[in-house]
Amino acid sequence: MSTYFQPQKYPATEFASTGATDEALPVVVVGAGPVGMGVALGLAQRGIPVAVLEAADQVSFGSRAICISRHSLEVAARLGFGPELEKIVLPWVGGRSFYRDEPVLHFEMAHGDHDVRGPMVNVSQSEIEQIMTDTLLAHPLITFHWSSSVAGVLRSDEDVTLDVDTAFGARRLRARWVVAADGGRSRMRELAGIRLQGNSYQGNYVIADIHWESTLPAERMVWFDPPSNPGSTIIMHQQPRDIWRIDYQLDSADDAELETQEDRIRDRITRHLDWLENDVPWTLEWHGFYRAHALALDDFTHGRILFAGDAAHLVPIFGVRGLNSGMEDAETLAWTLAAVVHGTADESLLQAYSVERRAAWQQNVDNAGKSTLIMSPGSHGYRTTRDAVLALATTRPEFGHLVNPRQSSATHAHLSPLTWPVAEGTTGVLPGDPMEDRRVRVATADGSVESSLNRVRGTGFAVLGVGVDPAGARMVAAHASALAMALSPESVRAVVVPAPGAAVDGAADLMVLDDPDGALAQALGASAGECFVIRPDGLVLCRVRDLSLLGDVRDHLKTATAPALGVVPTHTETTATPDELLRENVWMGLSEALDQAGESDREGFLTRLALLLGSQSGRREFEEALAAASHVSGKVSSGTPRHSHTDA
């Protein structure tokens, strides 16, 4: 029996228009996907009533996005639906890639004993949306309007008026702010007269969910040019309850309309599962179609209409950055918009949201773009080098890292107007970096108890002092209290890690962490007496040694500025070795050069390049390279799979 998730339907919502003399609604969110509902939850958490308009009568159907990052689970916890979500997810930590039937990559995402959660989980987007919907419907400050589609927009300096088509006739809502989170085909974007800019990649993918009681492990599995579907690329992911997501690439000559018919989809999947020596029945539950895009609005704020998620930007699916980046949008927009609505910050704070999240889109595109050039190369040069990389990786494992999907991780805000500079040479967790959740111990009167940094710091701002003495702890608490008064109703917590031997007592306005071995201080790269201010969305706002500077935080937040002294933090952590970076540069440079070479001169270009490079190496090295390249051409086969159910 199928265990596939079937969303429940909701009756159309009847509501009254906003009258000419009525006060405008504080915020209307258009679109009840994960991003729109995330914004609504974040605003309601901060005491702001929200109306949500959704054109459909249910949450989305089908898996759509399935890979949820550790950071998105942290966002879910802060927004109040994390515990329910984490009950149903399927964790995974890595994956394998194959060229035909030969392994070319086995990767694991970073994870350690200090982590509260694993690096990634799988669950269908529709199930996430259902949990979020249940949470929204139970919240007294959120009004949900089903079967309500926006037909027109009228903007002024003070508010936005939405014409809404409902099952009960036309309605009109007036709001001080409108959040457009209505997806990649955004009606709000169309009505505002703005368009996404950027690139679309060649390569069409069919996506399908099947119910299949397989014993294959929960990992990301990819086959390039598999014997079951020559010339294609196939991706497989397990979801909870024996649901499997299968993505496969269509050839450029394929008729997409024909290939998305169910009999063609079943045929493709059957061929691949048969090649995997499958003898377990399966059923096709859902299917869709996808093409990779890297598009974004130039500005995410347009007057009093604020864009988020796919309505603001699109990223390729490779590396699973779409929903995960959208959840970051939601949390950042929620606290910044709440501050503007409550009057604790200027509207310039919303422009900071736009700058930050567009820069985050660029970070995602930079990484996802490299994955896309491997998964769906759009030119002769990139296809030639991709195939060469895969063939080499079967005998030269050092080339396998180029196939790494570069899985989604939290983005930074180093160049945000909010982010404070630091002293030159500062290392460790910098302003603009995400503050990762980790296991910590909280000192209490009855001894220390295990918790996590995310739970300790709460859903608002946190002032974290590291290696402080009792006087420093009192100063941290005092500044946190002053900041809480200035930002009310946003919460602000004071947290300290005492210096070795310092006796710091916890209090109602101060949480004390035990760090006897200095592991937390070392992870942060903090020196004694340093203080970090952490934003509600988990990013570090500032890092100061002079605690008196904490008094400036509220003024800079109000005006969406940062001090001018110091240097802008720009480092980004990378696990790539110098040799890996060199191979990546060679791969991309050679791909571009091949694309620039004349079609009739490609073999000549490669021969000249080989002669030049060979003349710069020793005879032995050149002969070894010739042997390796020649050996590969005869080695890659299309025989029996080496990843059957029993040895996977």
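All figures in this text were calculated on a predicted structure; none of them were measured in a lab.

(A) Focus on the pairing of strand E14 (residues 233-239). Of all seven residues in E14, seven are buried, a share of seventy percent or more. Residues Thr233, Ile235, His237 and Gln239 line one face of E14 and the alternating positions Ile234, Met236 and Gln238 line the opposite face, and both faces are buried. Direction of pairing for strand E13 (residues 220-224) relative to E14: antiparallel, over a ladder of four bridges. Bridge pairing in E14 places Val222 opposite Ile235. Summarising the sheet, E14 and strand E15 (residues 243-250) pair through six bridges and their orientation is antiparallel.

(B) Focus on the environment of Trp244. Mapped onto the elements of the fold, Trp244 is located in strand E15. C-alpha separation for the pair Trp244 and Gly501, spaced 257 residues apart in sequence, amounts to 54 Å. For Trp244, the side chain forms a polar contact with the main-chain oxygen of Trp212, separated by 3.2 Å.

(C) Up close: the side chain of Ser63. Topologically, Ser63 is positioned in the loop between strand E2 (50-53) and strand E3 (67-69). You can call Ser63 buried: its relative accessible area is 0%. A distance of 3.0 Å separates a polar atom in the side chain of Ser63 from a polar atom in the side chain of Asp209. When near neighbours in sequence (up to four residues on either side) are disregarded, Ser63 contacts Tyr4, Ser124, Gln125, Asp209, Gln239, Arg245 and Trp286.

(D) View of helix H7 (residues 262-275). When the terminal C-alpha atoms of H7 are compared, their 20 Å separation across 14 residues agrees well with the 20 Å that a helix rising 1.5 Å per residue should span. Turning to H7, its buried residues are Ile265, Arg268, Ile269, His272, Leu273 and Trp275. Down the axis, H7 shows its buried residues gathered within 165° of arc, on one side only. Buried residues along H7 sit against strand E12 (197-212), E13, E14, E15, helix H6 (256-259) and strand E16 (282-296). Phi turns positive one or two residues past the end of H7, at Glu277, with a value near 65°.

(E) Geometry of the sheet that holds strand E22 (residues 461-468). Taking strand neighbours across the sheet as the criterion, the seven strands line up as E21-E20-E24-E23-E22-E25-E26 in an open arrangement whose pairing is mixed. Every interior strand has two partners, whereas the edge strands, strand E21 (447-452) and strand E26 (540-544), have only one. Ignoring which end each strand starts from, the neighbouring axes of this sheet average 30° apart. As paired elements, E22 and strand E25 (residues 530-534) share five bridges and run antiparallel to each other. The residue of E25 that forms the bridge with Val466 is Glu530. The strands touched by helix H12 (residues 470-487) within the sheet are E22, strand E23 (492-498) and E25, with E23 carrying the most contacts at an inclination of about 170°.

(F) Here's a closer look at the packing of aromatic side chains. Taken as a whole and assessed by the stated rule, the structure comprises eight aromatic pairs. For the ring pair Phe98 and Trp223, a centre distance of 5.7 Å and an interplane angle of 15° mean the geometry is stacked. In this pair, Phe98 is assigned in strand E5 (residues 94-99) and Trp223 in strand E13, connecting sequence segments 125 residues apart. As far as burial versus exposure is concerned, Phe98 and Trp223 are alike and both buried. Taken together, Tyr10, Phe144 and Trp146 form an aromatic cluster joined through their ring pairs. In this arrangement the basic side chain of Arg304 is found over the ring face of Trp177, its NZ or CZ atom lying 4.4 Å from the centre. The ring of Phe399 has Arg583 lying over it, and the distance from NZ or CZ to the ring centre is 5.8 Å.

(G) Structural context of the side chain of Asp115. As for its position among the elements, Asp115 is in the loop between strand E6 (102-108) and strand E7 (120-122). For Asp115, a relative accessible area of 8% gives the class buried. Separated by 3.2 Å, the side chains of Asp115 and Arg70 make a polar contact. Every residue in contact with Asp115, bar those within four places of it in the chain, is listed here: Arg70, Ala110, Glu436 and Arg439.

(H) Representation of the pattern of salt bridges within the structure. Under the counting rule described, the total for this entry stands at 36 salt bridges. In this structure, Arg171 engages Glu14 in a salt bridge whose closest nitrogen and oxygen atoms are separated by 4.0 Å. Residue Arg171 is located in strand E11 (residues 169-180), and its partner Glu14 is located in the segment before strand E1 (25-30); the two are separated by 157 residues in the primary sequence. Taking the shortest distance from any N to any O, the salt bridge between Arg245 and Asp247 comes out at 2.7 Å. Each of Asp254, Glu259, Arg264 and Arg268 takes part in salt bridges that share partners, so that together they form one network.

(I) A look at the pairing of strand E20 (residues 439-444). Relative to E21, E20 runs antiparallel, the two sharing six bridges. By the bridge assignment for E21, Val440 is matched with Ser451. Joining the antiparallel neighbours E20 and E21 is a turn of two residues. By the bridge criterion, two bridges tie E20 to strand E24 (residues 511-514) in an arrangement that is antiparallel. From the neighbouring strand, Arg441 faces E24, where its bridge partner is Asp514.

(J) Quick look at the environment of Met375. As for its placement among the helices and strands, Met375 is situated in helix H9 (residues 348-375). Looking at Met375, the relative accessible area reads 2%, which means it is buried. For the pair Met375 and Val121, spaced 254 residues apart in the sequence, the C-alpha separation amounts to 21 Å. For Met375, the residues in contact, after removing those within four places along its chain, are Tyr205, Arg220, Val222, Phe224, Thr233, Ile235, Gln249, Phe318 and Arg386.

(K) Focus on the nonpolar core. Formed by 104 residues in total, the largest nonpolar core has its most connected members in Phe81, Leu162, Phe307 and Leu337. Considering each element in turn, this core owes the most residues, ten residues, to helix H8 (residues 322-342). Beyond its immediate chain neighbours, meaning those up to four positions away, Leu337 contacts Val27, Leu43, Trp177, Val179, Leu306 and Leu350. The next biggest cluster of nonpolar side chains, apart from the first, holds 35 residues, and it includes Met120, Ile235, Val320 and Ala393.

(L) Summary view of helix H4 (residues 125-137). Look at H4: 18 Å from first C-alpha to last across 13 residues, which is about the 18 Å you get at 1.5 Å a residue. With ten of its 13 residues buried, H4 lies for the most part within the structure. For H4, the full list of buried residues reads Gln125, Ser126, Glu127, Ile128, Glu129, Gln130, Ile131, Met132, Thr133 and Leu136. Contacts made by the buried residues of H4 are with helix H1 (34-45), E2, E3, helix H3 (82-86), strand E8 (142-145) and H8.

Basis of the calculations
Residues numbered from 1 in each chain as written. Predicted model: local features only at pLDDT ≥ 70, side-chain atom pairs only at ≥ 80, totals over all residues. Heavy atoms only, no water. Buried < 20%, exposed > 50% of the residue type's maximum accessible area, 1.4 Å probe, protein only. Helix = DSSP H or I, 4+ residues; strand = E, 2+ residues; numbered from the N terminus. Pairing = 2+ DSSP bridges. Polar contact = N/O pair within 3.5 Å; in protein donor to acceptor, adjacent residues only side chain to side chain. Contact = heavy atoms within 4.5 Å. Expected span 1.5 Å × (residues − 1). Arc of directions from axis to C-beta. Axes fitted to C-alpha atoms, helices over the stretch in contact; angles between N-to-C directions. Phe/Tyr/Trp six-rings, centres within 6.5 Å; stacked < 30°, edge-to-face > 60°. Lys NZ or Arg CZ within 6 Å of the ring centre and 35° of its normal. Salt bridge = Lys/Arg side-chain N within 4 Å of Asp/Glu carboxyl O. Core = buried A, V, L, I, M, F, W, Y, C linked by side-chain atoms within 4.5 Å.

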